Amino acid sequence: MKSKIISYLFIFIILLAVAGVSISMTPTKNLDEVDIHTSNKPVILLTVDSLMSEPLQKIIEEGDAPALSFLMNNGHYLSDVISSYPTMSVTIDSTILTGTYADQHNVPGLIWFNNEGNQMISYGSGMREIWHNGVQNVVRDSIINLNNEHLNPKIKTIYEELADSDIKAASINGLIFRGNTTHHLNVPRMLSFVNLLPKNIEVDGPQLFSLGALSQYNSANDKHKFIWNRMGLNNNFTVSELKYLIEQNKLPPFTLAYLPDLDMKVHKNGPEELKAIKDVDLSIQELLNQFPSWEEAVKEVVWVVMGDSAQSLVEKDKKEGLIDLNELLNDFSFWNKKNPEGQLAIAINERMAYINLIDENMDIDSIIEILKEDKRIGFISWADNNGNYVASPEKETVLSFSTKGDQKDLFNQNWHLEGDLSILDISISEDETIQYSSYPDALARLNGALHSHEGRFIIVDAKPSYEFIEEHSRDHAGGGAHGSLHEVDSIVPLINAGSDVKPKYNRLVDFKNWLIEIVGPSI
């Protein structure tokens, strides 16, 4: 009997392995068919998910990151670049590639509620959340709808703008990739068989487009795209694909290459994670080694290495560290697939959340008063036709602001402010300039989120050390999390080697124009 059980188990494992391989394997595209000409130095933008300034500087000081140290010593380093908001990858990448905040690019977060369609939009987080929102819905939203529908079609990405000037570009594992060239995705048969994705999918991207098992040029990458290593959405795939472009002399004027692995390690181990940064450095060493010397690599290519968001440590004690919005708002009913008539729809983006008021008759003030009872919340914000408002559990007063004013901040943005500026740690300098502290570029970033999608909703933003949860969300107690407007989630590093051109301001929202200037000064 025992031998039969072992035999059946062995057969089951083999079948799982075969299924895993069949899901992962797809054909490669022919790079010879792509005509690439680069007159200026090509630009490679390496986006390292959750790369932070303090651990980066620490590992460089310890001598464990020779490639990053070399690029820093042979270029320019900024330790205090301001991210987008919420500090979640899809919103941040949309900001980098469009040069706008969420009020213009219309990607509100990793999870958000579509009021018009009465459905939750998710691009993938924890398994419980993915299962609750429907695996098929999450896969299709992240692969197809994010770029084809949700990203504002009226705002051009850097790929579209470069293509308008006949400048070619590449995206390798980028989450936001909309461009002017149509690509046919190689959907694994198993995924189309179980109806997770259509058999035939076309997306518009830059001239060169790689996205894990769905689109690749380097056949050697087959070993990096199995289902158990996220079907190619990993550092090894990205580096192998980029090395192939360099080897084949097919590096276009602009390439964005996304390195996602550090993010998972920081989520698990917290912001002090160093080993994963060493692994990132090894990846960059592989790229630099494609040239006769590292000095030659900087002469031939502009290397830009950047983080997208930081992470902050969440209290290990779940009762203390996790703010359960279902529990806090338990007097109301909640939207889900089985209860589409629920009063509230909660979209958790780790350390910030959107609370959507589906019931048009609900009194927003009563909900705000309940939220103010939890002192772990940093601020509560909402908007109406008259402006934006911010409250705090620590304050009886309210801050109101709008874009219709003549008060300028240090980024030359115009605002009208009334009320308690201390809620967002804002001050006014002697020359009447609006200054930010704990919440960098607070007004523009928050305004972006408050006007990122339709419907009535409240934004809640947690103090450092705390994270929001609801029934189906995952948590990061004892590890790292991001999402908030606070500086602990919002400040990232930038290394620029090979060009002396700098962004107008130290903000990701200014990177699109800066990158275009480096790629093609005549555009």
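Read on for an overview of the structure.

Conventions used here
- All chains use their own residue numbering, which begins from 1 and follows the written sequence.
- Given that this is a predicted model, residues contribute local features only at a pLDDT of at least 70 and side-chain atom pairs are listed and counted only at 80 or more, while totals for whole chains, interfaces and linings are drawn from all residues.
- The basis for every side-chain value is the complete set of heavy atoms in the structure, and neither hydrogens nor water enter the calculation.
- In DSSP terms, a helix is any run of H or I states spanning at least four residues, a strand is any run of E spanning at least two, and both are numbered starting from the N terminus.
- Only protein chains enter the accessibility calculation, which uses a 1.4 Å probe. A residue is then buried if its area is under 20% of the maximum for its type, exposed if over 50%, and partly exposed in between.
- Contact criterion: two residues are considered in contact whenever any of their non-hydrogen atoms come within 4.5 Å of each other.
- Values of accessible area rely on a 1.4 Å probe in the Shrake-Rupley scheme; residue burial ignores everything except the protein chains shown.
- Only four residue types enter the tally: Lys and Arg on the positive side, Asp and Glu on the negative side, with His and both chain ends excluded.
- Any carboxyl oxygen of Asp or Glu within 4 Å of a side-chain nitrogen of Lys or Arg constitutes a salt bridge here.
- A pair of strands is treated as paired once DSSP finds two or more bridges between them.
- Lines are fitted to the C-alpha atoms to define the axes, a helix being fitted only along its stretch in contact, and any angle between axes, read from their N-to-C directions, falls within 0 to 180 degrees.
- Residue types Ala, Val, Leu, Ile, Met, Phe, Trp, Tyr and Cys, when buried and joined through side-chain atoms within 4.5 Å, form a set referred to as a nonpolar core.
- We call two directions roughly parallel when the angle between them is under 35 degrees, roughly antiparallel when it is over 145, roughly perpendicular when it lies between 65 and 115, and oblique otherwise.
- We call a crossing left-handed when the near helix sits turned anticlockwise from the far one by less than a right angle, and right-handed when that turn is clockwise.
- We call Asp, Glu, Lys and Arg charged. Ala, Val, Leu, Ile, Met, Phe, Trp, Tyr, Cys and Pro are nonpolar, and the rest, Gly among them, are polar.
- Put simply, two rings from Phe, Tyr or Trp (the six-membered ring, in Trp's case) pair if the centres are within 6.5 Å, and we call them stacked under 30 degrees between planes, edge-to-face over 60, tilted for the rest.
- Charge-over-ring placement is defined geometrically: NZ (Lys) or CZ (Arg) within 6 Å of the ring centre, and within 35 degrees of the ring normal.
- Distance thresholds for patches are 9 Å for like charges and 5 Å for nonpolar side chains (Val, Leu, Ile, Met, Phe, Trp, Tyr), applied to residues having over 30% relative accessible area and no salt bridge.
- The atoms used to mark charge sites are NZ of Lys, CZ of Arg, CG of Asp and CD of Glu.

**Section: the overall build of the chain**
Point 1. The helix and strand tally for the chain stands at 19 helices and 24 strands.
Point 2. Across the 523 residues that make up the chain, the buried fraction comes to 59%.
Point 3. Long-range contacts, defined here as pairs at least 24 residues apart, represent 70% of the contacts in the chain between residues at least 6 apart.
Point 4. Summed over its atoms, the accessible surface of the chain is roughly 22,200 Å², and 49% of this surface lies on carbon and sulfur atoms.

**Concerning the environment of glutamate 487**
Point 1. Inspection of the secondary structure puts glutamate 487 in helix H18 (residues 487-490).
Point 2. C-alpha of glutamate 487 to C-alpha of serine 438: the two residues are 49 residues apart in sequence and 5.5 Å apart in space.
Point 3. Filtering out sequence-adjacent residues up to four positions away, glutamate 487 remains in contact with Ser437, Ser438 and Pro440.

**A short note on the side chain of glutamate 241**
Point 1. Relative to the helices and strands, glutamate 241 is located in helix H10 (residues 235-247).
Point 2. Look at glutamate 241: it is buried, it has no salt bridge, and the nearest opposite charge is lysine 29 at 7.1 Å.
Point 3. When neighbours within four sequence positions are excluded, glutamate 241 is seen to be in contact with Ile172, Ser210, Gln216, Tyr217, Asn218 and Asn221.

**What about the sheet that holds strand E18 (residues 414-419)?**
Point 1. If you walk across this open sheet you meet the seven strands as E13-E14-E21-E15-E16-E17-E18, and the pairing is antiparallel. Looking along the sheet, the strands with just one partner apiece sit at the ends: strand E13 (344-349) and E18. Averaged over all pairs of adjacent strands, the angle between strand axes in this sheet comes to 25°, irrespective of strand direction.
Point 2. Where strand E15 (residues 377-384) lies against strand E16 (residues 387-391), five bridges are found, and the strand directions are antiparallel.

**Quick notes on unusual backbone geometry**
Point 1. The omega torsion across tyrosine 85 and proline 86 is -5°, close enough to zero to call that bond cis.
Point 2. Among the structural elements, proline 86 can be located in the loop between strand E2 (76-82) and helix H4 (89-98).
Point 3. Here the phi dihedral of asparagine 118 falls at roughly 50°; this positive angle occurs in a residue that is not glycine.
Point 4. As for its placement among the helices and strands, asparagine 118 is situated in the loop between strand E3 (111-114) and strand E4 (119-122).

**Points about the nonpolar core**
Point 1. The biggest cluster of nonpolar side chains holds 72 residues, and the ones touching the most others in it are Phe254, Phe379, Leu424, Leu443, Leu446, Ile459 and Phe511.
Point 2. Aside from chain neighbours lying at most four places away, what touches phenylalanine 254 is Val43, Leu45, Ile158, Tyr159, Leu162, Lys168, Ala169, Ala170, Leu515 and Val519.
Point 3. In terms of nonpolar packing, the next biggest core, distinct from the first, is built from 47 residues, Ala257, Ile277, Ile284 and Leu287 among them.

**Some details on helix H17 (residues 442-450)**
Point 1. For H17, the tally of buried residues reaches nine of nine residues, placing the bulk of the element in the interior.
Point 2. Residues Ala442, Leu443, Ala444, Arg445, Leu446, Asn447, Gly448, Ala449 and Leu450 constitute the buried set of H17.

**Considerations on the packing of H10 against helix H12 (residues 275-288)**
Point 1. Between H10 and H12, the least distance of the axes is 10 Å, while the angle of their chain directions is 10°. Here H10 lies roughly parallel to H12, going by the angle between them. Judged by the twist between their axes, the crossing of H10 over H12 is right-handed. When H10 is examined against H12, the residues Asn235, Val239, Leu242 and Lys243 are found in contact with a partner set consisting of Val280, Ser283, Glu286 and Leu287.
Point 2. Grouping the constituent residues of the contact of H10 with H12 by class yields four nonpolar, two polar and two charged.

**A short note on the sheet that holds E2**
Point 1. Sheet architecture is open: seven strands sit in the order E2-E24-E10-E1-E9-E5-E8, paired in mixed fashion. Each edge of the open sheet is held by one strand with a lone partner, namely E2 and strand E8 (208-210). Within the sheet, the average angular offset between the axes of one strand and its neighbour, ignoring direction, is 15°.
Point 2. Note: strand E5 (residues 169-172) against strand E9 (residues 254-259), four bridges, orientation parallel. The residue bridging alanine 170 from the neighbouring strand is threonine 255, located in E9.
Point 3. Across the sheet, H10 is in contact with strand E1 (43-48), E5, E8 and E9; its angle to E9 comes to roughly 155°.

**Overview of the pairing of strand E7 (residues 201-205)**
Point 1. Only one face of E7 is buried: it carries Ile201, Val203 and Gly205, and the other face, with Glu202 and Asp204, is open.
Point 2. Judged from the five bridges that link them, strand E6 (residues 181-185) and E7 form a sheet pairing that is antiparallel. Each residue of the ladder has a partner; that of threonine 181, found in E7, is glycine 205.

**Here's the deal with the pattern of salt bridges**
Point 1. Taken as a whole, this structure holds 13 salt bridges when the rule is applied.
Point 2. A salt bridge links aspartate 420 to lysine 395; the shortest N-O distance between them is 4.0 Å. Of this pair, aspartate 420 sits in the loop between E18 and strand E19 (427-428) while lysine 395 is found in the loop between E16 and strand E17 (398-408), placing the two residues 25 residues apart along the sequence.
Point 3. Relative accessible area serves as the criterion here: at 18%, aspartate 420 is assigned to the buried category.
Point 4. Since its relative accessible area comes to 28%, lysine 395 is described here as partly exposed.
Point 5. For arginine 507, the salt bridge identified is with aspartate 510, shortest N-O distance 2.8 Å.
Point 6. Looking at arginine 507, the relative accessible area reads 5%, which means it is buried.

**Quick notes on the pairing of E18**
Point 1. Looking at chain direction, E17 and E18 are connected through six bridges and run antiparallel. Along E18, the bridge assignment pairs serine 400 with glutamate 418.
Point 2. Connecting E17 to the antiparallel partner E18 that follows it, the hairpin turn spans five residues, and asparagine 412 within it adopts a positive phi of roughly 65°.

**Notes on the packing of aromatic side chains**
Point 1. Taken as a whole, this structure holds twelve aromatic pairs when the rule is applied.
Point 2. Centroid distance phenylalanine 113 to tryptophan 335: 5.4 Å. Interplanar angle 70°. Geometry classified as edge-to-face. Within this pair, whereas phenylalanine 113 is found in strand E3, its partner tryptophan 335 is found in the loop between helix H15 (325-328) and E13, the two being separated by 222 residues in sequence. Across the pair, exposure class does not vary: phenylalanine 113 and tryptophan 335 are buried alike.
Point 3. The ring of phenylalanine 411 carries arginine 507 above its face, with NZ or CZ at 4.5 Å from the centroid.

**What to know about a negative patch on the surface**
Point 1. Taken together, the side chains of Asp363, Asp365, Glu369, Glu373 and Glu396 define an acidic patch exposed on the protein surface.
Point 2. Look at aspartate 363 and you get partly exposed, because its relative accessible area is 43%.

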